[in-house]
Amino acid sequence: YPNPFNLGTKIEFQSPAKSPAEIMIYNILGQKVRTLFTGLANIGKNIVTWDTKNDAGQVTPSGPYFYVLTIQGNLFSKKMILLK
């Protein structure tokens, strides 16, 4: 996890305090594919699962994707590879 993955992947992150967080999924062209999570992150370990669907509920094609995590004013990103 999260690389490479097929039917879904888990994105894990740590939060030192209960704070607002957002995870967005983007394709290789920089287009937003899905708003995966928006809300309050729990203290400690948080796990969010992406089922490879876009915001419209359609399964996305194979290829590289990026997730962008915004939490406590910090931005983190990581590349993921979806293989079918």
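Here goes a summary of the coordinates provided.

The rules we used
Residues numbered from 1 in each chain as written. Predicted model: local features only at pLDDT ≥ 70, side-chain atom pairs only at ≥ 80, totals over all residues. Heavy atoms only, no water. Helix = DSSP H or I, 4+ residues; strand = E, 2+ residues; numbered from the N terminus. Buried < 20%, exposed > 50% of the residue type's maximum accessible area, 1.4 Å probe, protein only. Contact = heavy atoms within 4.5 Å. Areas by Shrake-Rupley, 256 points an atom, 1.4 Å probe, with all protein chains shown as cover. Salt bridge = Lys/Arg side-chain N within 4 Å of Asp/Glu carboxyl O. Core = buried A, V, L, I, M, F, W, Y, C linked by side-chain atoms within 4.5 Å. Pairing = 2+ DSSP bridges.

**Some thoughts on the overall build of the protein chain**
Then, in step 1: Helix and strand counts for the protein chain stand at 0 helices and 6 strands.
Then, in step 2: With respect to the principal axes defined by its C-alpha atoms, the protein chain has extents near 35 × 20 × 20 Å.
Then, in step 3: In the protein chain, buried positions account for 37% of the 84 residues.
Then, in step 4: For the protein chain, the proportion of contacts with a sequence separation of at least 24, taken over those separated by at least 6, is 53%.
Then, in step 5: Accessible surface for the protein chain amounts to roughly 5,000 Å². Of this, 56% is attributable to carbon and sulfur atoms.

**Some details on the pattern of salt bridges**
Then, in step 1: Under the counting rule described, the total for this entry stands at 3 salt bridges.
Then, in step 2: With its nearest N and O atoms 3.1 Å apart, the salt bridge here joins Lys-32 to Asp-55. Taken as a pair, Lys-32 in strand 3 (residues 32-41) and Asp-55 in the loop between strand 4 (44-50) and strand 5 (63-71) lie far apart in primary sequence, 23 residues in all.
Then, in step 3: Here Lys-32 falls in the partly exposed class, since its relative accessible area comes to 43%.
Then, in step 4: Residue classification places Asp-55 among the partly exposed residues on the basis of a relative accessible area of 45%.
Then, in step 5: Of the charged contacts in the structure, one is a salt bridge between Arg-34 and Asp-51, with a shortest N-O distance of 2.7 Å. With Arg-34 in strand 3 and Asp-51 in the loop between strand 4 and strand 5, the pair connects residues that are 17 residues apart, well separated along the chain.

**Structural notes on the nonpolar core**
Then, in step 1: Phe-13, Ile-23, Ile-25, Trp-50 and Met-80 are the most contacted members of the largest nonpolar core, which has 17 residues in total.
Then, in step 2: Looking at this core, the elements with two or more residues in it are strand 1 (9-15), strand 2 (19-27), strand 3, strand 4, strand 5 and strand 6 (74-82).
Then, in step 3: Per-element accounting of this core gives the leading share, 4 residues, to strand 5.
Then, in step 4: Apart from the residues lying within four places of it in its own chain, the contact partners of Ile-25 are Ile-11, Gln-31, Lys-32, Val-33, Arg-34, Leu-36, Trp-50, Tyr-65, Phe-66, Tyr-67 and Met-80.

**Points about unusual backbone geometry**
Then, in step 1: Despite not being glycine, Thr-52 has its phi angle at roughly 70°, a positive value.
Then, in step 2: Tracing the sequence through the fold places Thr-52 in the loop between strand 4 and strand 5.
Then, in step 3: In this structure Thr-52 comes out as buried when scored by relative accessible area, which is 4%.
Then, in step 4: Here the phi dihedral of Gln-72 falls at roughly 50°; this positive angle occurs in a residue that is not glycine.
Then, in step 5: Within the element layout of this structure, Gln-72 appears in the loop between strand 5 and strand 6.
Then, in step 6: With relative accessibility at 41%, the residue Gln-72 sits in the partly exposed group.

**What to know about the pairing of strand 1**
Then, in step 1: Residues of strand 1 alternate between two faces, with Thr-9, Ile-11, Phe-13 and Ser-15 buried on one and Lys-10, Glu-12 and Gln-14 left unburied on the opposite face.
Then, in step 2: Strand direction decides the pairing type here: strand 1 and strand 4, joined by 7 bridges, are antiparallel. If you follow Lys-10 over to strand 4, its bridge partner there is Thr-49.

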